[in-house]
Amino acid sequence: MTVTKIISAIGNNSSVYPLILRDCGVEIPSKVYLTYQENKDDKDIAFLATRERVIDEYATSAVWLGGIPLVEKLVNKFVIEKKGFNPNVNLKLFKESDAQGIDYNIKFFQDKLAKGDYKEAAAKEIASAIEDLKKVKGNKGAYEKLLSAKFLSATLIPIALMGFVIPKAVFALTAKTKSAKKAKAEQQSALSNPTNSKNPQFTALKSDTFSSMKFDAGKTPSFTGNFSSTVANFTTYQKMATIDGGYAVGRVATSRKKNEAVDIGFKMLGMMFLNFVAPKYIEKILDSAANKALNLDVKLDPIMLEDKDLLKMISDKKLAENLPSSNDGKSLLKFIDENPDSIFTKYAAKFEKVTLLKSGARDPRAYVNIEELAKFKKSLEEFSEKALSTAGKEADAKTIAKNVQKFAKKAKVVKSLNILTNVGLSSFLLAYCLPKVQYAFREWYTGSKLEPGIVE
């Protein structure tokens, strides 16, 4: 993987890659270190707090980053597909429009098949996809329940593990360590003071450690169509945000003391904001600053900014004829269907604006966010316009081509720096600033620097 591809991956603030980098690469090691530093006045508490942080953070990250894909894969294979449904059918297609919808897509793609618009491999995939749509159309209620169950499984299981099971297990380990140490101290005291000896008391790990975790399996949740069609098609990123909310509630609920609940609640609110909200605003601010200060358009991904074919189209002033004619849904989808090998289709698929089958044909089962696709087209047009205006529209072809390449190279460097700055800044805020603010809040609220759940 090239440096540009790596920067492109971590620069997508709607994907999990920036979260992985911030969480595992920067945030956890920093939090472990700061936890020790904050509690170092008491060696016993420092040891217990640091151990809790290491186990908790890495176990939680494993569930947070891997739980959703794993659970969804299992549910898809052993539940949804076993019922005869294809989990790739998007429920949003039940809302018909003039460009897409379940009835619209069935008829539209059937007509294209009848006309012989597809080669053999694509025709087979399209025919299979149409059958998937028909199956769901005839069993909408059952399919909705299955997708809703998948959503709940992929979110509630990680929430239960992260918000309840992991902290309970970590707290139990700490309680056992403290109990064993206390018993040892009492035993040593009894041996050194035989006249006042008492039978050593050993506190066993309570069997009801997990008793506070109650799940009512006797009730079957009911889902409306709106709920199902909304949550069933959440992206992994959106599901991770949902899990974070449930995880925060679980952590507050399982706190050992009121002070710990307040301390954790403060931290969790800050983490959610810095993970899911702040990076997108930072991106907008940095891109806007580059536009104003350097007269650069840096909305395009670094991979696109080094695409020679794209830059040649811009230099030759032929980009417009290689884009959809307008921003309405029919024009956008028609262009993609008729130009599966175009640069527009290629990058629209790469950045998940549209879903293609293995053959390159558009997937009839997938819903296309027309607004996002139109924004993507507009970004290409705006970049082309800015590049040509700085290259000199009246210059000769060779000069224009050279200046467009210079403009793109400069834009790529600035965009890459913006991405790295965004990741670095958000990581710094998460890994250093948030813990420092949390510790200041803790000392103000509790009157102590020490971990409120461990200190007696």
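Q: What is the right way to look at the packing of helix H3 (residues 43-80) against helix H6 (residues 140-192) in this model?
A: Helix-helix packing is described using two parameters, namely the angle between the two axes and the distance between the axes. One can describe the packing of H3 onto H6 by two numbers: an axis separation of 9 Å at closest approach and a directional angle of 160°. The angle between H3 and H6 falls in the class roughly antiparallel. Where H3 crosses over H6, the handedness of that crossing is right-handed. Looking at the contact of H3 with H6 residue by residue, the classes come out as 22 nonpolar, six polar and eight charged.

Q: How should I be thinking about helix H16 (residues 397-446) in this particular structure?
A: One turn of the α-helix equals 3.6 residues, which is why residues spaced by three or four share an orientation. Over its 50 residues, H16 extends 70 Å from the first C-alpha to the last, a length consistent with the 74 Å expected when each residue adds 1.5 Å. The largest bend along H16 reaches roughly 35° and is located at cysteine 433, with the proline proline 435 sitting one to four residues downstream. The distance from a side-chain oxygen at the start of H16 to the backbone nitrogen of lysine 398 is 3.2 Å, and the residue carrying that oxygen is aspartate 396. Once H16 finishes, glycine 447 follows within two positions and takes phi at roughly 85°, a positive value.

Q: I'm lost on the nonpolar core in this one. Help?
A: Across soluble globular proteins, you tend to see nonpolar side chains buried next to one another. In this structure, Ile80, Ile126 and Tyr143 are the most contacted members of the largest nonpolar core, which totals 40 residues. Of the residues forming this core, the biggest block, eight residues, is contributed by H6. Setting aside its immediate chain neighbours within four residues, isoleucine 80 contacts Val75, Phe85, Pro87, Tyr143, Leu146, Leu147 and Lys150.

Q: I'm lost on the environment of lysine 317 in this one. Help?
A: Relative to the helices and strands, lysine 317 resides in the loop between helix H12 (308-315) and helix H13 (329-338). Relative accessible area serves as the criterion here: at 46%, lysine 317 is assigned to the partly exposed category.

Q: Where do I start with the packing of aromatic side chains in this structure?
A: Given two aromatic rings, one states the distance between the centres and the angle between the planes to describe the pair. Evaluation of the coordinates by the stated rule reveals 12 aromatic pairs. Each ring, one from phenylalanine 428 and one from tyrosine 432, has its centre 5.5 Å from the other, and the planes form 15°; the classification is stacked. Of this pair, phenylalanine 428 and tyrosine 432 both sit in helix H16, four residues apart, which is roughly one turn of the helix. Measuring from centroid to centroid gives 6.4 Å for tryptophan 444 and tyrosine 445, while their planes differ by 50°, and the two rings are tilted. Relative accessible area serves as the criterion here: at 67%, tryptophan 444 is assigned to the exposed category. Positioned above the aromatic ring of phenylalanine 85, the side-chain terminus of lysine 135 is 5.6 Å from the ring centre.

Q: Help me understand unusual backbone geometry in this model?
A: Of all residues except glycine, most have a negative phi; of all peptide bonds, most are trans. The backbone phi angle of asparagine 295 is positive, close to 55°, even though this residue is not glycine. Relative to the assigned elements, asparagine 295 resides in the loop between helix H10 (278-294) and helix H11 (302-305).

Q: What is the right way to read the environment of asparagine 339 from this model?
A: Of note, asparagine 339 is situated in the loop between H13 and helix H14 (343-350). On the accessibility criterion, asparagine 339 (28% relative accessible area) is partly exposed. It is 9.3 Å that separates the C-alpha atoms of asparagine 339 and alanine 361, two residues lying 22 residues apart in sequence.

Q: Even after reading the chapter, I still don't get a nonpolar patch on the surface, so can you show me in this structure?
A: On the surface, Val54, Ile55, Tyr58 and Leu173 cluster together into a nonpolar patch covering about 300 Å² of accessible area. If you tally residues by element for the nonpolar patch, the top one is H3, at three residues. Tracing the backbone shows tyrosine 58 in helix H3. Using a relative accessible area of 41% as the deciding quantity, one classes tyrosine 58 as partly exposed.

Q: Just to check I follow, could you spell out the environment of proline 364 for this structure?
A: Mapped onto the fold, proline 364 is located in the loop between H14 and helix H15 (370-391). Residue classification places proline 364 among the buried positions, given a relative accessible area of 0%. A sequence separation of 259 residues divides proline 364 from asparagine 105, and the C-alpha atoms of the two residues are 6.0 Å apart. Here proline 364 is in contact with Leu93, Asn105, Phe109, Ile126, Ala129, Leu133 and Leu357, once residues within four sequence places are set aside.

Q: Any chance you could explain the side chain of serine 30 here in plain terms?
A: Turning to its location among the elements, serine 30 is positioned in helix H2 (residues 17-39). Serine 30 sits in the buried class, given a relative accessible area of 18%. Here serine 30 is in contact with Ala431 and Tyr432, once residues within four sequence places are set aside.

Rules of the game
- Residues numbered from 1 in each chain as written.
- Predicted model: local features only at pLDDT ≥ 70, side-chain atom pairs only at ≥ 80, totals over all residues.
- Heavy atoms only, no water.
- Axes fitted to C-alpha atoms, helices over the stretch in contact; angles between N-to-C directions.
- Helix = DSSP H or I, 4+ residues; strand = E, 2+ residues; numbered from the N terminus.
- Parallel < 35°, antiparallel > 145°, perpendicular 65-115°, else oblique.
- Left-handed = near helix turned anticlockwise from the far one by under 90°.
- Nonpolar A, V, L, I, M, F, W, Y, C, P; charged D, E, K, R; others polar.
- Expected span 1.5 Å × (residues − 1).
- Bend = angle between axes of the 7 residues up to and from the residue.
- Polar contact = N/O pair within 3.5 Å; in protein donor to acceptor, adjacent residues only side chain to side chain.
- Core = buried A, V, L, I, M, F, W, Y, C linked by side-chain atoms within 4.5 Å.
- Buried < 20%, exposed > 50% of the residue type's maximum accessible area, 1.4 Å probe, protein only.
- Contact = heavy atoms within 4.5 Å.
- Phe/Tyr/Trp six-rings, centres within 6.5 Å; stacked < 30°, edge-to-face > 60°.
- Lys NZ or Arg CZ within 6 Å of the ring centre and 35° of its normal.
- Patch = residues over 30% accessible without salt bridge, like charges linked within 9 Å, V, L, I, M, F, W, Y side chains within 5 Å.
- Areas by Shrake-Rupley, 256 points an atom, 1.4 Å probe, with all protein chains shown as cover.
- Salt bridge = Lys/Arg side-chain N within 4 Å of Asp/Glu carboxyl O.

None of the figures reported here should be taken as evidence of function without further support.
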